[in-house]
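Each chain, written out:
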Amino acid sequence: MDVVINPFRLCSGLKVLGYFMIFLVLSIIALSYYAVVILIWAPHLLRGGFNSFFSFFIVILFHYLLILLTWSYMMVVFRDPGSVPDNWQLVSEEDLEEGNPTSISHNLGPQTSASALSDGTEIRPAIRYCSQCQNGKPPRCHHCSICQRCVLKMDHHCIWVVNCVGARNHKFFLLFVFYAFLETTLNTVVLLPSFVNFFEQTKKHSLSPGNLAVTFLAFVLNLAFALSLLCFVIMHTSLLLSNTTSVEVYEKKKAVHWKYDLGRKRNFEQVFGTKKMFWFFPLFSEEDLKNIPALHGLDFPIHSDTVE
C-alpha cells in the first residue's frame, strides 16, 4: 500500500512561530508604553502650563490608539475567519443532472443568480471541491496549508496573529494594520526629540543607561514598523477598494472585468458594512450582518456585466 505524503502539512509548524510573534507584538507595545508614557511624557504632566496640556493630549491619544489597536488585534487573533459548513455544496448533483434552473437560482442566492442568468440562458456553475477537506468550496474560498482547513474568502495566513484573514475577520485585520500604523507613527514622532538628544543625554548622564537604551530601541522599532506598515496600508487599501483578496491578485490580472468589483463604495461596504458609526471599531451592526451576505463568506454579489 503506497503512502502519500503531504508536504504542506509541514507548514502547520509555522503556528509555533506565530505564537512567538504574538509575544513580540505584546513586548513592543509594553516597550513603547514605558518609553512614551512613563519615561518621556508622564513627568511633564505635573509641570503646568502648555507643556502639561500638550503632554496630557499625547498621553490620551496614545491610550486611545492603543485601546483600538489592542481591541482589533484580539479580534483578529480569536475570531474565526470563516469555515465551510459540513457537506457544503453550491448545488446538488441531482440539480446539475436535471438542469433545474430554479434550484440553481435558489442555491446561488438572489444577487449572484440574477447576474448569472441575466441573458436568459441556463447556467451550470462549476462546483469546486477540496480534496484535503473532503468538502465543497464556496466562491473565493481557499485551503490554508498552515491551518489545514478551507477558509471563507481567504486573504492570507498572518503569522503575526496565528490565524487566517478571511471573510469574518478581514475588517478587524485592516483596522489592526491601520491603528498599528497610527500608533507607531505617533510613537516615532513623540520619541524623535529624545532620540535626537540621545548622545547629548549620554554625555550629561541625564538619564540612566537603561532608560537611554529603552528610548533608543523604542524609537528604532517604532520607526521600522511605521514604514513597513505604511506599505501594508497602501497595499490593502488598494485591494479593499477593488474588492480583491491577496490570493486573488493573479486571477484578477487575467480577467477583463473583475467580477467582484462593484465600485469603491460598495466594495468598501462588503468588508466594513454600511453603518458609518461602526467603521472605525472592530464591530458590525446587526443590520449589516443580516443584509450583507459577503460578511458571512458564503455568497458574494458580482458585477452586473459579468456572466459566469
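Every value quoted in this text rests on a predicted model; they were computed, and no experiment measured them.

Chemist: Quick question: what am I supposed to make of the overall build of the protein chain here?
Modeler: Scanning the protein chain for helices and strands turns up 11 helices and 6 strands. When the 308 residues of the protein chain are sorted by exposure, 44% land in the buried category. Per element, the accessible surface of the protein chain, about 17,200 Å² overall, is 66% carbon and sulfur.

Chemist: What is the right way to look at the UniProt feature "transmembrane region" (unreviewed entry) in the protein chain in this model?
Modeler: UniProt marks residues 16-41, 53-73, 172-192 and 212-235 with the feature "transmembrane region" (unreviewed entry), using the numbering shown here. Helix makes up 100% of residues 53-73 and strand 0%, whereas the separation of the span's terminal C-alpha atoms amounts to 30 Å.

Chemist: What exactly am I supposed to notice about the environment of Trp 160 here?
Modeler: Topologically, Trp 160 is positioned in the loop between β5 (156-158) and β6 (163-165). Residue classification places Trp 160 among the partly exposed positions, given a relative accessible area of 28%. Taking C-alpha positions, Trp 160 is 8.6 Å from Leu 17, a pair spaced 143 residues apart along the chain. With residues near it in sequence (within four places) discarded, Trp 160 still touches Met 21, Ile 22, Leu 24, Val 25, Tyr 73 and Phe 225.

Chemist: What is the right way to read the packing of aromatic side chains from this model?
Modeler: The relation between two aromatic rings is expressed through the spacing of the ring centres and the mutual angle of the planes. Counted according to the given criterion, the structure contains 13 aromatic pairs. Seen in terms of ring centroids, Trp 160 and Phe 225 are 5.9 Å apart; in terms of plane orientation they differ by 80 degrees. Their pairing is edge-to-face. Of this pair, Trp 160 sits in the loop between β5 and β6 while Phe 225 sits in helix α8 (residues 209-241), and the two are 65 residues apart along the sequence. Here Phe 268 and Trp 279 contribute two aromatic rings whose centre-to-centre distance is 4.9 Å and whose plane-to-plane angle is 80 degrees, an arrangement assigned as edge-to-face. Taken as a pair, Phe 268 in helix α10 (residues 264-272) and Trp 279 in the loop between α10 and α11 (286-291) lie far apart in primary sequence, 11 residues in all.

Chemist: Just checking my understanding: could you explain the packing of helix α2 (residues 49-78) against helix α6 (residues 170-196) for this structure?
Modeler: Two packed helices can be described by the angle between their axes and the distance between those axes. Running from N to C, α2 and α6 point in directions that differ by 150 degrees, and their axes come no closer than 8 Å. By the criterion of interaxial angle, the relationship of α2 to α6 is roughly antiparallel. Every pair of crossing elements has a handedness; the one defined by α2 and α6 is left-handed. The segment α2 lies against α6, with Ile 58, Leu 61, Phe 62, Leu 65, Leu 66, Leu 68, Leu 69, Ser 72, Tyr 73, Met 75 and Val 76 engaging Phe 172, Phe 173, Leu 175, Phe 176, Tyr 179, Ala 180, Leu 182, Glu 183, Leu 186, Asn 187 and Val 190. The residue makeup of the contact of α2 with α6, split by class, is 19 nonpolar, 2 polar and 1 charged.

Chemist: Just checking my understanding: could you explain unusual backbone geometry for this structure?
Modeler: Excluding glycine, residues mostly have negative phi values, and the peptide bonds linking residues are mostly trans. Positive phi is not limited to glycine here, since Gln 134 has a value of about 55 degrees. For Gln 134, the position within the fold is in the loop between β1 (128-130) and β2 (135-137). For Gln 134, a relative accessible area of 53% corresponds to the exposed category.

Chemist: Please clarify how a nonpolar patch on the surface should be interpreted in this entry.
Modeler: A surface patch of nonpolar side chains, about 430 Å² in accessible area, is lined by Leu 45, Leu 46, Phe 56 and Ile 60. Assessed through its relative accessible area of 30%, Leu 45 is described here as partly exposed.

Chemist: Just checking my understanding: could you explain the side chain of Thr 245 for this structure?
Modeler: Secondary-structure assignment places Thr 245 in the loop between α8 and α9 (249-254). Residue contacts for Thr 245: discarding those within four places in its chain leaves Arg 140, Lys 153, Met 154, Asp 155 and Leu 239.

Chemist: Hey, could you run me through α6 in this one?
Modeler: In an α-helix, one turn spans 3.6 residues, which is why side chains three or four residues apart end up on the same side. The end-to-end C-alpha distance of α6 is 38 Å, a good match for the 39 Å that 27 residues give at a rise of 1.5 Å each. At Val 190, α6 shows its largest bend, some 35 degrees, and a proline, Pro 193, comes one to four positions later. The element α6 is largely enclosed, with a buried count of 19 among its 27 residues.

Chemist: What exactly am I supposed to notice about the pattern of salt bridges here?
Modeler: Where side chains of opposite charge bring their charged atoms close, a pairing between them can arise. Under the counting rule described, the total for this entry stands at 4 salt bridges. Arg 149 is paired through a salt bridge with Asp 80; the nearest N and O atoms lie 3.2 Å apart. Taken together, the residues Arg 149 in strand β4 (residues 149-151) and Asp 80 in the loop between α2 and α3 (93-98) connect sequence positions 69 residues apart. The exposure class of Arg 149 is partly exposed, given its relative accessible area of 23%. The class of Asp 80 is partly exposed, set by a relative accessible area of 35%. Notably, a salt bridge pairs Arg 140 with Glu 248, separated by 2.8 Å at the nearest N-O pair. A residue pair is termed long-range when its members are at least 10 positions apart, and Arg 140 in the loop between β2 and β3 (142-144) and Glu 248 in the loop between α8 and α9 qualify at 108 residues. Exposure remark for Glu 248: the relative accessible area of 2% places this residue in the buried category.

How each quantity is defined
Residues numbered from 1 in each chain as written. Predicted model: local features only at pLDDT ≥ 70, side-chain atom pairs only at ≥ 80, totals over all residues. Heavy atoms only, no water. Helix = DSSP H or I, 4+ residues; strand = E, 2+ residues; numbered from the N terminus. Buried < 20%, exposed > 50% of the residue type's maximum accessible area, 1.4 Å probe, protein only. Areas by Shrake-Rupley, 256 points an atom, 1.4 Å probe, with all protein chains shown as cover. UniProt positions renumbered as here; feature names shortened; annotations may be inferred. Contact = heavy atoms within 4.5 Å. Phe/Tyr/Trp six-rings, centres within 6.5 Å; stacked < 30°, edge-to-face > 60°. Axes fitted to C-alpha atoms, helices over the stretch in contact; angles between N-to-C directions. Parallel < 35°, antiparallel > 145°, perpendicular 65-115°, else oblique. Left-handed = near helix turned anticlockwise from the far one by under 90°. Nonpolar A, V, L, I, M, F, W, Y, C, P; charged D, E, K, R; others polar. Patch = residues over 30% accessible without salt bridge, like charges linked within 9 Å, V, L, I, M, F, W, Y side chains within 5 Å. Salt bridge = Lys/Arg side-chain N within 4 Å of Asp/Glu carboxyl O. Expected span 1.5 Å × (residues − 1). Bend = angle between axes of the 7 residues up to and from the residue.

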